[in-house]
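# What the coordinates show
Single-letter residue listing:
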Amino acid sequence: MPPPQDPLYAGLGQAVRIGTELLAALIVGGGLGWAVDTYLFGTIPWGLVIGLVLGLAAGMRSAYRSAQRWQDPPADVNKQG
Amino acid sequence: MEESPLHQFELQPWVPMSIGGLDISINKAVVFMWVVIAVAAVLMVMAGSSRKLVPGKLQSLAEMMVEFIRNMIMETMGKDGMRFFPLVATLFVFILFSNYIGLIPGTYTVTSQIIVTAVFSFLVYGISLVVGFSLHGVKFLGILVPPGTPGWLVPLMIPIEIISQIARPISLAVRLFANMTAGHVMLAVLFGLTVGGGLLIGWLPFVFTVAIYGLEFGIAFIQAYIFTILTCVYLGDAFHLHGHEEHAH
């Protein structure tokens, strides 16, 4: 087991995280848009387009948030140590 | 060489069983899930049985792990989060052990089945919703409007936040599954090349097989860590609604 406090592993963990977060939000957004198109209103392709844009925004937002969260704790640690 | 690198993930029923049309056959994945649980339980009980003040090797390893999980919870949720310790520790130990046991040649990686990781991630997300609504009631829906959002942005923010909430359990499940699957496929391909390449060129993929195997040791830990820390983050979000933003001030 690698040392948990190792900054390399913390950094690797963050990097791996952000990639999937971007992709998952994009897929969910596109999927919801497509589902609205196909099953609710029959407005292909507008739901898909709007869904993809919203999904991209959501992905960016969660990536930004996790990057922010990553920045905060080290600041606290520095204060204490 | 003629064997597909994906062949290792195929499951044949070993003991075919079904209840009312529901297939509950026992296959390799089920057996290795039991193995993981048994190994983890036996090791942890053994580590906890001596309770010496100056711990032995096994006991200090277990203490390190417990301390590590405790720190994760304290950092993300604070002291109140310790009530989730059993859940978080169980998830971490199970995922860690199944990732590492899966690295032993001839075994099966339970976490390379998306249904396993999906059950975990939807369980975690479901718990976080239950916790959020039981603690904050309807106000928990405020998680969809981050504090500091200008009024005119709210109609845009709500669909975006709904999407990012739905994406949470999906990205949690897919990340663990994809990493474990991709690593094992890569090892299978490289080792297939080694066997097919013969002595003349086969040493080259073999070197890479060994290197990637070493990398997979790190990945096995990192993925267990990420799954657990995100569990803590999601539970923490439900726990203190907008708490993170308050800390930042």
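Cut-offs and rules
- Residues numbered from 1 in each chain as written.
- Chains lettered and ligands numbered in written order.
- Predicted model: local features only at pLDDT ≥ 70, side-chain atom pairs only at ≥ 80, totals over all residues.
- Helix = DSSP H or I, 4+ residues; strand = E, 2+ residues; numbered from the N terminus.
- Buried ≥ 20, exposed ≤ 12 C-beta atoms within 10 Å, placed from the backbone.
- Contact = placed C-beta atoms within 7 Å.
- Axes fitted to C-alpha atoms, helices over the stretch in contact; angles between N-to-C directions.
- Parallel < 35°, antiparallel > 145°, perpendicular 65-115°, else oblique.
- Left-handed = near helix turned anticlockwise from the far one by under 90°.
- Nonpolar A, V, L, I, M, F, W, Y, C, P; charged D, E, K, R; others polar.

## Brief notes about the overall build of chain A
If you tally the helices and strands in chain A, you get 2 helices and 0 strands. A burial count over chain A gives 26% of its 81 residues as buried. For chain A, the share of sequence-separated contacts (at least 6 apart) that also reach a separation of at least 24 residues comes to 53%.

## Topic: the overall build of chain B
Within chain B, the secondary structure is distributed over 6 helices and 2 strands. Ordering the α and β elements of chain B from the N terminus gives β-β-α-α-α-α-α-α. Expressed along its principal axes, the backbone C-alpha trace of chain B runs to roughly 70 × 50 × 45 Å. Here chain B holds 249 residues, and the buried ones make up 30% of them. Counted over contacts in chain B with a minimum sequence separation of 6, partners at least 24 positions apart contribute 65%.

## Topic: the packing of helix H4 (residues 114-136) of chain B against helix H5 (residues 154-239) of chain B
Residue and element names in this part refer to chain B. Where H4 contacts H5, the axes come no closer than 6 Å and their chain directions differ by 15°. Compared by their axis directions, H4 and H5 come out roughly parallel. Of the two elements, H4 crosses H5, and the hand of that crossing is left-handed. When its residues are assigned to classes, the contact of H4 with H5 shows 18 nonpolar, 5 polar and 2 charged.

## Focus: the interface of chain B and chain A
The interface of chain B with chain A comprises 18 residues on the first partner and 23 residues on the second. Elements with a minimum of two residues in the side of chain B that touches chain A: helix H2 (57-77) and H5 of chain B. Top element by residues in the side of chain B that touches chain A is H5 of chain B. It accounts for 15 residues. Taken together, the residues that form the side of chain B that touches chain A break down as 13 nonpolar, 3 polar and 2 charged.

## Structural notes on the environment of Ala224 of chain B
Note on placement: Ala224 of chain B falls in helix H5. Taking C-alpha positions, Ala224 of chain B is 13 Å from Thr109 of chain B, a pair spaced 115 residues apart along the chain.

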